[in-house]
Amino acid sequence: MAHTCIHWFRKGLRLHDNPALMAALRDCKEIYPVFILDPYLHNDTCVGINRWRFLIGALKDLDCSLKKLNSRLFVLRGKPEDVFPKLFDKWKVTKLTYEYDTEPYSLSRDKTVTKLAKEHGVEVIYKVSHTLYDIDRIIEENNGKAPLTYNRMQAIVNSLGPPKRPVPAPSAEDMKDVKTPYSEDHEKNYGIPTLEELGLDTSSLTEELFPGGEQEALKRIDEHMTRTAWVCSFEKPQTSPNSLMPSTTVLSPYVTFGCLSARTFWWRLTEVYQGKKHSSPPVSLHGQLLWREFFYTASVGIPNFNKMEGNPVCTQVDWDTNSEYLTAWREARTGFPFIDAIMTQLRQEGWIHHLARHAVACFLTRGDLWISWEEGQRVFEELLLDGDWALNAGNWQWLSASAFFHQFFRVYSPIAFGKKTDKNGAYIKKYLPLLKKFPPEYIYEPWKAPRSIQQAAGCIVGKDYPLPIVQHEIISKKNIQRMKLAYAKRSTDTADSPSKKKGMQKTCICDGLML
Ligand code: FAD
């Protein structure tokens, strides 16, 4: 039977390595590529303007690629469970395909849509291609539980063998007997909305450093893969949180939206490594993709993964509620230039380096402000281009020493950490131009500058730039004690922590070696 299919794009905004799309094209006479702006996922409280711009760019790029195959993207708005029954009837659909998605909301949404599809006599096919492996298979292999250490995870994926090879994008040959029935008024009925049409305030947008879309992703990965020596010697802890140009790939927004397949990324790296000496997991680029897999697996195997309460691996901590501190952190007004510069880069550009994420996450939680990682998670979710449910929750738990990482006595200094890689504070001067005239010895601690220097720099601390909201040396020591108490209360069955073995307690410039 020749089918009339809908391929439902959600993440996976690409044509390459899209096995569900290829399944749609099999025995198909008509295909409708669909994207739905779902009020639950796409509301402007949890999606910042930069991420909206990335999404719209990715959709435009997809439509452009589909046009080259004589097809089009159909963009609709509404709850998928309301939209689909109408489409099934209107287009006389017989098959629905999509990429498998492990987020709790997606799983329940897909269950509802699958039930509706079956009621309409529509066959449903989904394929795994957002992750390197089928996450359920990893859990099965680990006796039904998510591995809680990277080593364990590595052992399991080693036993599974390398990830599947990516499938090629559909060719003109694959599409030769397949039509997309679109009309002249396609733009009006199913076009991609502009940011303005969506009612979004675009006034804060700055230059688009990371434009969305599959073509952009493929161009960027091509460029990175030509840097053979860099790829082979990549060691994450040696990269810099505060370089003026990113010191890592910044492919994360593309992987998050599925403009770039993680498996394509993996196999491109394998090709570069071939026959050459190269770094290894956990610090290599392959290692980074395994971190992603690790947190995805944890997010599937651990209930309430994005919350402290009801999350069995998460240490229960008596975090404070302090809206003044939270707002100061979020709006880059903590008075610590390194922290404020990072939060400014995040707001303006939508991406910050992994170790910069470490610095601000530690500062917000166990280091200085003693605010719940769930609050930080929310802010990152809104502002990061690569905001990802599983990776955001997993990494926040790590950094707040709530789960996976337990050396809570290792606290990042908001002053010393940045100096390691940027002694003169060029990064701070870029993102906080107000401080650009401070001499290097005061750029990380402008409040220590004599009044005359502040005057000469044209910036009086306490008036033009805030005084530090906490005294790091004092508060971080108190917080270590609070953390110690929280750990003491931890139930013994989750206490697999290295900190139990090591009684060591000191504040240090954490060197980020753990990732
Ligand atoms: P590269 O170093 O070039 O790594 C290549 C790819 O590996 C990345 O694109 C990403 O897909 C993956 N990767 C790298 N590091 C990690 C990691 N620690 N965990 C999981 N995957 C990783 N990453 C997100 O993609 N989305 C998030 O919402 C997110 N939230 C985070 C929150 C906190 C508090 C912290 C500390 C980290 C978070 N990360 C998140 C992980 C990491 O910081 C980013 O993936 C990385 O900085 C992206 O930059 P890149 O593409 O240059 O990474």
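Every residue gets a number counted from 1 within its own chain, in the order that chain's sequence is written. The predicted origin of the model limits local features to residues at a pLDDT of at least 70 and limits the giving and counting of side-chain atom pairs to 80 or more, whereas totals for whole chains, interfaces and linings rest on all residues. Hydrogens and water are ignored here; the side-chain numbers use all heavy atoms of the structure.

Turning next to the overall build of the protein chain. The way it works is that DSSP assigns letters per residue, a run of H or I at least four long becomes a helix, a run of E at least two long becomes a strand, and they are numbered from the N terminus. Along the backbone of the protein chain there are 23 helices and five strands. Here the globule rule is a power law, 2.2 Å times the number of residues to the power 0.38, and the radius of gyration is based on C-alpha atoms. On C-alpha atoms alone, the protein chain measures out to a radius of gyration of 24 Å, which is about the 24 Å that the 2.2 N^0.38 rule sets for 515 residues. Only protein chains enter the accessibility calculation, which uses a 1.4 Å probe. A residue is then buried if its area is under 20% of the maximum for its type, exposed if over 50%, and partly exposed in between. Of all 515 residues assigned to the protein chain, the portion counted as buried reaches 59%. A sequence separation of at least 24 residues applies to 78% of the contacts in the protein chain between residues at least 6 apart. The accessible surface values rely on the Shrake-Rupley method and a 1.4 Å probe; as for residues, cover is taken only from the protein chains in view. A total of about 22200 Å² of accessible surface is found on the protein chain, and carbon and sulfur atoms cover 52% of it. Separation between the mean location of the 67 positive side-chain charges and that of the 60 negative ones in the protein chain comes to 5 Å. Residue contacts are counted whenever heavy atoms from the two residues lie within 4.5 Å of one another. Positive: Lys, Arg. Negative: Asp, Glu. His and the chain ends are not part of the count. For charged residues, the charge sits on one atom: NZ in Lys, CZ in Arg, CG in Asp, CD in Glu.

Right, let's get into the side chain of Asp 110. Note that Asp 110 resides in helix H4 (residues 104-119). Looking at Asp 110, the relative accessible area reads 5%, which means it is buried. For Asp 110, the contacting residues outside a window of four places in its chain are Trp 8, Arg 10, Tyr 98 and Asp 101.

Let us look at the nonpolar core. To define a nonpolar core, start from buried Ala, Val, Leu, Ile, Met, Phe, Trp, Tyr and Cys residues and group those joined through side-chain atoms within 4.5 Å. Grouped together as the largest cluster of nonpolar side chains are 141 residues, with contacts concentrated most on Leu 13, Ile 31, Phe 35, Phe 265, Trp 329, Phe 404 and Phe 438. Considering each element in turn, this core owes the most residues, nine residues, to helix H2 (residues 49-67). The contacts of Phe 35, once residues within four sequence positions are left out, are Phe 9, Arg 10, Leu 13, His 42, Leu 55, Leu 59, Leu 73, Phe 74, Val 75 and Leu 76. Ranked by size, the runner-up nonpolar core spans 20 residues in total, among them Ile 36, Val 83, Val 122 and Val 124.

Buried residues dominate strand S1 (residues 3-9), accounting for seven of its seven residues. Neither face of S1 is left uncovered, since the one carrying His 3, Cys 5, His 7 and Phe 9 and the one carrying Thr 4, Ile 6 and Trp 8 both have all their residues buried. Whether two strands pair comes down to DSSP finding at least two bridges between them. Bridge count between S1 and strand S2 (residues 28-37): seven bridges; the pairing is parallel. Directly across from Thr 4, in S2, lies its bridge partner Glu 30. The β-α-β motif built from S1, the intervening helix H1 (residues 19-25) and the parallel element S2 has right-handed crossover chirality. Across four bridges, S1 lies against strand S4 (residues 95-99) in parallel orientation. Looking across to S4, one finds that His 7 is bridged to Thr 97. Crossover handedness is defined by viewing with both strands directed away from the observer: a clockwise path from the first strand over the helix to the second marks the crossover as right-handed.

Moving on: the UniProt feature "site: Electron transfer via tryptophanyl radical" (unreviewed entry) in the protein chain. UniProt positions are given in the numbering used here, feature names are shortened, and annotations may be inferred rather than shown by experiment. Per the UniProt record, "site: Electron transfer via tryptophanyl radical" (unreviewed entry) is annotated on Trp 319, Trp 373 and Trp 396. Spanning 78 residues, the named residues nonetheless gather at one spot, since no C-alpha pair among them exceeds 13.9 Å. When only the residues just named are considered, the largest cavity is lined by Trp 396. Its place among the elements puts Trp 319 in the loop between helix H12 (285-301) and helix H13 (323-330). Cavity: a set of points on a 1 Å grid over the protein atoms alone where a 1.4 Å probe fits but cannot get out. Pocket: an open set with protein on both sides within 12 Å along at least five of seven lines, its lining residues, like those of a cavity, having an atom within 4 Å of a point.

As a further point, take the packing of aromatic side chains. Aromatic contacts are taken between Phe, Tyr and Trp rings whose centres are within 6.5 Å, Trp giving its six-membered ring; a plane angle under 30 degrees counts as stacked, one over 60 as edge-to-face, and the others as tilted. Following the criterion strictly, the structure yields 38 aromatic pairs and no others. Both rings, one in Tyr 32 and one in Phe 74, keep their centres 5.4 Å apart while their planes meet at 65°; by these two values the pair is edge-to-face. With Tyr 32 in strand S2 and Phe 74 in strand S3 (residues 74-77), the pair connects residues that are 42 residues apart, well separated along the chain. As far as the burial class goes, Tyr 32 and Phe 74 line up, both buried. Ring geometry for Tyr 100 against Tyr 126: centres 5.2 Å apart, planes inclined by 25°, an arrangement best described as stacked. Placement of Tyr 100 in the loop between S4 and H4 and of Tyr 126 in strand S5 (residues 123-127) is noted, with a sequence separation of 26 residues between them. Overall, Tyr 126 belongs to the partly exposed group, its relative accessible area being 46%. Three or more aromatic residues joined by ring pairs make a cluster, and in this case those are Tyr 150, Trp 291, Phe 294, Phe 295, Phe 305, Trp 389, Trp 398, Phe 404 and Phe 405.

A word on the pattern of salt bridges. Put simply, a salt bridge is a Lys or Arg side-chain nitrogen that is within 4 Å of an Asp or Glu carboxyl oxygen. Within the structure shown, the criterion is met by 27 salt bridges. Linking Asp 101 and Lys 11 is a salt bridge whose minimum nitrogen-to-oxygen distance equals 3.2 Å. Linking Asp 101 in the loop between S4 and H4 with Lys 11 in the loop between S1 and H1, this pair joins segments that are 90 residues apart in sequence. For the pair Asp 101 and Lys 11, a shared accessibility class is recorded, and that class is buried. When the shortest N-O distance is used, the salt bridge between Arg 137 and Glu 141 registers 2.7 Å. Here Arg 137 pairs with Glu 141, and both are found in helix H5 (residues 135-141), just four residues apart, close to one helical turn. On the basis of relative accessibility, which here comes to 32%, the residue Glu 141 falls in the partly exposed class. Counted as one network, the salt bridges with shared partners bring together Arg 10, Arg 109 and Asp 110.

Our next topic: the site of the ligand. Taken together, 31 residues lie near the ligand, and Thr 248, Thr 249, Val 250, His 354 and Asp 386 sit nearest. Between the ligand and Thr 249, the relevant distance is 2.5 Å, taken from an oxygen atom to a side-chain nitrogen or oxygen of the residue. Two N or O atoms form a polar contact when they lie within 3.5 Å of each other; inside protein one atom must be a possible hydrogen donor and the other a possible acceptor, and for residues adjacent in sequence the pair counts only when both atoms belong to side chains. One of the backbone nitrogen or oxygen atoms of Asp 386 is found 2.8 Å away from a nitrogen atom of the ligand. Computed on the free molecule, the ligand has an accessible area of 820 Å², of which 100% lies beneath the protein chains in the complex. The criterion for a residue being near a molecule or strand is simple. One of its heavy atoms has to lie within 4 Å of it.

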